[in-house]
Amino acid sequence: MANEKDTFHSRAQVRLGDGDYEIFRLDALERAGVGDLATLPFSLKVLLENLLRHEDGETVTADDIQALAAWDPGAEPATEVAYRPARVLLQDFTGVPSVVDLAAMRDAMVALGGDPTAINPLSPADLVIDHSVQVDVSGSPQAFGKNVAKEYQRNRERYQFLRWGQQAFENLRVVPPDTGIVHQVNLEYLASVVTARAHGQTMRAFPDSLVGTDSHTTMINGLGVFGWGVGGIEAEAAMLGQPISMLIPQVVGVRLSGTLPGGATATDLVLTITEVLRKTGVVGKFVEFFGPGLSSLSLTDRATIANMSPEYGATMGFFPIDRETLAYLAFSGRDPDAVARVERYAAEQGLLSGTDGPEPRFSKVVDVRLGDVVPSIAGPKRPQDRIPLVKAKPEWRKILCGLTGIDDGAAQKWAAQTAEPAGKLADTAIAKLDGGDVRIGHGHVVIAAITSCTNTSNPQVMLAAGLLAQRAVARGLSTKPWVKTSLAPGSQVVTEYFEAAGVDKALDALGFDLVGYGCTTCIGNSGPVDPAIAAAVGEADLVVASVLSGNRNFEGRINPVVRANFLASPPLVVAYAIAGTLDIDFETDPLGTDKDGNEVFLRDLWPSPEEITETVRKSVRSDMFKERYGHVFEGTEEWRKLAIPTGNIYDWNDSTYIRKPTFFDGMGPEPEPMTDISGARVLAMLGDSVTTDHISPAGQIAKDSPAARYLESKGVAPADFNQYGTRRGNHEVMMRGTFANIRLRNLLAPGTEGGVTRHLPDGEVMSIFDASVAYAAEGVPLVVLAGKEYGSGSSRDWAAKGTLLLGVRAVIADSYERIHRSNLIGMGVLPLEYLPGQTAASLGLTGEEVFAITGLGGGISPKKRLTVTATPAGGSPKTFEVIARIDTPQEVEYLRHGGILQYVLRSRL
């Protein structure tokens, strides 16, 4: 508080309904003649208030405030500012390692002679346990109970550790398992939109803001809350009081007009927006929605669109506060005084949209006409690859020909729907299921999952699925026996309104029984498909599919048996489960026949917009939210009776789940000088669009993997391996699973798939982990070569942590996704970028060279050019320049210290 400044005299006392609050007025800048605030995008107004409130002359200066207030929409981002989120949001996959790191930092603080309790969250943090439940059991009334029992059996050590952390650290709350998905809990309960917090002797009001350890934190942008996903290490730094350094971004405006036509859902809209904005190019930018079409979108429709910001590449997908925001806050059970405070504060600060103000100015405007949206799916491996439903059958056939490598005349005729499948395209295999033998072929849907925060927050699409199921059951339809069906809602409110609408029994009849409240299939927690089906798929080398209402469908993510994954709305998930195949044209092909032998088409089952709206009105009640969230932190009896360790310092044991990381080993009170890299070898040479799903350990732990061998050495039976996500608190497991995705293609080891490389110079083929161990023993530093959009996907800190632990000093790529680049720096790994127009191919790199990177010894600076020398065996060196993607002075400091956590730790001594 002593360092607070107020150059623009913006601090003021105002009455906000239930009392007097201190605020930092944006209109003070207008009085000072600084900038055109009336047309500043709403998202930047929120950031501007953040700077005004945190002006200290050091991390935030008057010049920073003026630069943002005078924002030029067309300028390339060049000005760094420091954003301090009001709070931090964690999910358990990323939250557990964050708490592990904080516990290890306390140990390191003791070793450096400091006070361990100085390592404590300064910003409030909420951790929601939602990523650990798996779909082990489905299609049964007992599925939920059995899955929860397995969840506790597998994760007891992790949950005990989190309960210790909740008591040991201040400002850390934990939402217990089986409550809901982190983003839906945030939307329905945690977010305040305007925060009221004591500051000295006064109460301050300011916009709610956050960073979260999940890329889909952006879902809360639909509620007018400012924030996005970051890596766990960056979130830990924010918890410890460090600002988030960022460049003032460009803001792309998306003008929405019209209304959605009948048959189109918010899912179809977000798939359309994802396709459009990926083509536009919004990576590293804010997206802000505006226009007359906003008024036709419910709050949950907006949340659906905001959720998928990572899929269209934006930092945020922001919807400003308006009357719909206020109505949702009131309906979802927020305190009336708090809702009134939001309304009054937003009006005072010019943050209330829908009033008679000028249209914001944007860096670029993209028009989306809601009336043009059509039912769609997206796949088979990227969310932006949208396919209109009317073209789904021929497009699937083209995709299958590509996946099977068949490009002959017969395949082309089949794809054009002028001939029957022949040759490999006609391959099938028999799966011997309990209910009888079934024949499995290409395109069979083996997983149909209503899952993920994208859609389960949205009553309109969820109840549309229920109504469709109700009509299907009434006509005597059922799902195909080879389809594994599951329903994993984002909150307990969903099952309440399903029951109130009377659609729960129909969903159960189709196999969509409740399997858990959590993030399941979308993150790879789909559980096993029937072994007989897996065997049949393997026997005939079939390309089978999943259809899920999620936001992620990257290669190898959903299930190892499945090679084609398609995103779809919840009602379409039900339809595909009934059809059992992707090889269907819903316009002309029936889903089946009813009890009287009549053909039943999708159009016969699809509910009208009026029916959906009326069902939502009757069955979704405000009291459901109040009841479900009234005791949200208490948890079940199973949670409450967990044994809890005590003390401020964690008593590390030989757990295979929670292990003290090595990041701080040998750390001194001052950082070592940076040095050039020499004698480096390439650990992996990768192509374009390699995601963090390819890099970071995820899904089941394969029984013949390095991670499995480690666990077996610790006495863990294969049946108890669990999955990588639940073992993120053990670096020994995680580093062994880095770059181990079954679909990873390392160009250094052609003809292989998975975590395989060649050790050089001898050329021996081995796992990437084993090669890293060999290189470490030889004292050889490592680099990774990559193509475009390296690290796109989830904000997984272990994609960067594992890279560091494998001995990688630098990555050289064509381009990076924002979060992964930041995470690499946060772990002390140097991200380098080829000069424009250059690539590994254009430079003639094979990955077999010995690399040297010079220019580091004299210190690093933002965007500094460094020199790389790649020397092939017996050949002439190739020398070229690269750009150090260290974009801000604060990032320079993080890298100089060896990472964010080391920087923070030294700053607390």
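Residues numbered from 1 in each chain as written. Predicted model: local features only at pLDDT ≥ 70, side-chain atom pairs only at ≥ 80, totals over all residues. Heavy atoms only, no water.

**A closer look at the overall build of the chain**
A count of helices and strands for the chain gives 32 helices and 34 strands. Computed over the C-alpha atoms, the radius of gyration of the chain is 27 Å, within 12% of the 29 Å expected from 2.2 N^0.38 for a compact globule of 909 residues. When its C-alpha atoms are laid out on the principal axes, the chain stretches across 80 × 75 × 55 Å. Counting every position in the chain, which comprises 909 residues, the buried fraction comes to 63%. Sequence-distant contacts, at least 24 apart, represent 76% of the contacts inside the chain between residues at least 6 apart. As presented, the chain carries roughly 31,000 Å² of accessible surface, and 49% of it is formed by carbon and sulfur atoms. Side-chain charges of the chain comprise 85 positive and 109 negative groups, with the mean position of each set lying 1 Å from the other. (Helix = DSSP H or I, 4+ residues; strand = E, 2+ residues; numbered from the N terminus. Rg over C-alpha atoms; globule rule 2.2 N^0.38 Å. Buried < 20%, exposed > 50% of the residue type's maximum accessible area, 1.4 Å probe, protein only. Contact = heavy atoms within 4.5 Å. Areas by Shrake-Rupley, 256 points an atom, 1.4 Å probe, with all protein chains shown as cover. Lys, Arg positive; Asp, Glu negative; His and termini not counted. Charge placed at Lys NZ, Arg CZ, Asp CG, Glu CD.)

**As for the pattern of salt bridges**
Going through the model one piece at a time under the given rule, you end up with 63 salt bridges. Ionic pairing is found between R158 and D92, a salt bridge with its closest N-O pair at 3.3 Å. With R158 in helix α5 (residues 143-168) and D92 in helix α4 (residues 92-111), the pair connects residues that are 66 residues apart, well separated along the chain. The class for R158 is buried, based on a relative accessible area of 0%. The residue R302 makes a salt bridge to D322 at a minimum N-O spacing of 3.0 Å. Of this pair, R302 sits in helix α9 (residues 299-307) while D322 sits in the loop between β14 (316-318) and α11 (323-331); the two residues are 20 residues apart in sequence, bridging distant segments of the chain. The pair formed by R302 and D322 is uniform in burial state, with each residue classed as buried. Here the residues in one salt-bridge network are E4, D6, R11, E22 and R204, joined through shared partners. (Salt bridge = Lys/Arg side-chain N within 4 Å of Asp/Glu carboxyl O.)

**Digging into the sheet that holds β14**
Strand order in the open sheet formed by four strands is β14-β13-β12-β15, and the pairing between neighbours is parallel. Of all the strands in the sheet, just β14 and β15 (364-369) have a single pairing partner and so form its edges. Shown here is a sheet whose adjacent strand axes are inclined to one another by a mean of 25°, direction ignored. Here strand β12 (residues 251-257) pairs with strand β13 (residues 286-290) via five bridges, running parallel. The residue bridging V252 from the neighbouring strand is V287, located in β13. (Pairing = 2+ DSSP bridges. Axes fitted to C-alpha atoms, helices over the stretch in contact; angles between N-to-C directions.)

**Quick notes on the nonpolar core**
Residues L223, F289, Y312, F512, V574, Y576 and Y790 are the most contacted members of the largest nonpolar core, which totals 301 residues. Other than its neighbours up to four places away in sequence, Y576 contacts I377, L389, A392, V445, V547, T581, L582, I584 and F586. Formed by five residues, the second largest nonpolar core is a distinct cluster that contains V135, A143, A488 and V515. (Core = buried A, V, L, I, M, F, W, Y, C linked by side-chain atoms within 4.5 Å.)

**Side note on the packing of helix α16 (residues 459-474) against helix α22 (residues 609-619)**
Put simply, α16 and α22 touch, their axes get as near as 9 Å, and they point 110° apart. Judged by the angle between their axes, α16 and α22 are roughly perpendicular. Side by side, α16 and α22 meet where P459, Q460, L463, A464, L467 and R471 of the first sit next to E611, I612, T615, V616 and S619 of the second. Of the residues contributing to the contact of α16 with α22, the split by class is six nonpolar, three polar and two charged. (Parallel < 35°, antiparallel > 145°, perpendicular 65-115°, else oblique. Nonpolar A, V, L, I, M, F, W, Y, C, P; charged D, E, K, R; others polar.)

**Re the packing of aromatic side chains**
According to the stated counting rule, one finds 25 aromatic pairs in the structure shown. Judged by centre distance (6.2 Å) and plane angle (80°), the rings of W396 and F566 are edge-to-face. Remark: F566 occurs in strand β23 (residues 564-567) and W396 occurs in helix α13 (residues 392-404); sequence separation between them is 170 residues. Judged by its relative accessible area of 2%, F566 falls in the buried class. Look at Y834 and F880: their rings are 6.1 Å apart centre to centre, the planes differ by 35°, and that puts the pair in the tilted class. Taken as a pair, Y834 in strand β31 (residues 830-834) and F880 in strand β34 (residues 878-884) lie far apart in primary sequence, 46 residues in all. Among the residues examined, Y834 registers a relative accessible area of 3% and is labelled buried. (Phe/Tyr/Trp six-rings, centres within 6.5 Å; stacked < 30°, edge-to-face > 60°.)

**Quick look at the environment of Y21**
Relative to the elements of secondary structure, Y21 occurs in strand β2 (residues 20-24). Once the C-alpha coordinates of Y21 and R204 are considered, the two residues, 183 residues apart in sequence, prove to be 5.2 Å apart. If we skip the residues at most four places from it in the chain, Y21 touches A12, Q13, V14, L16, A196, M203, R204, A205 and R341.

**Regarding helix α29 (residues 797-805)**
Where burial is concerned, most of α29 is hidden: seven out of the nine residues are buried. Of the positions making up α29, those classed as buried are D797, W798, A799, A800, K801, G802 and T803. Packed against the buried residues of α29 are α4, α7 (232-239), α25 (692-695), α27 (731-737), β30 (808-813) and α30 (818-826). Two residues or fewer after α29 comes G807, characterised by a positive phi angle close to 95°.

**As for α30**
Counting buried residues in α30 gives eight out of nine residues, a clear majority hidden from the surface. Turning to α30, its buried residues number three or more, namely I819, H820, R821, S822, N823, L824, I825 and G826. G828 sits one or two positions beyond α30 and adopts a positive phi of about 85°.

**Section: the side chain of R727**
Assignment of secondary structure puts R727 in the loop between α26 (706-713) and α27. At 2.8 Å, the side chain of R727 and the side chain of T656 are in polar contact. Contacts of R727, omitting those with residues within four sequence positions, involve T656, Y657, I701, L711, V716, D720, F721, N722, V733 and M734. (Polar contact = N/O pair within 3.5 Å; in protein donor to acceptor, adjacent residues only side chain to side chain.)

**A look at the pairing of strand β8 (residues 202-207)**
Direction of pairing for strand β7 (residues 194-199) relative to β8: antiparallel, over a ladder of six bridges. Looking at β8, one finds that A196 is bridged to A205. Following β7, the chain reverses through two residues before pairing antiparallel with β8; G200 in that reversal takes a positive phi of roughly 65°.

**Re the packing of helix α31 (residues 889-897) against helix α32 (residues 900-907)**
Contact geometry of α31 with α32 gives a least axis separation of 7 Å together with a crossing angle of 90°. By the angle between their directions, the pair α31 and α32 is classed as roughly perpendicular. Within the contact between the two elements, α31 uses Q890, E893, Y894 and H897 and α32 uses I900, Q902, Y903 and R906. The residue makeup of the contact of α31 with α32, split by class, is three nonpolar, three polar and two charged.

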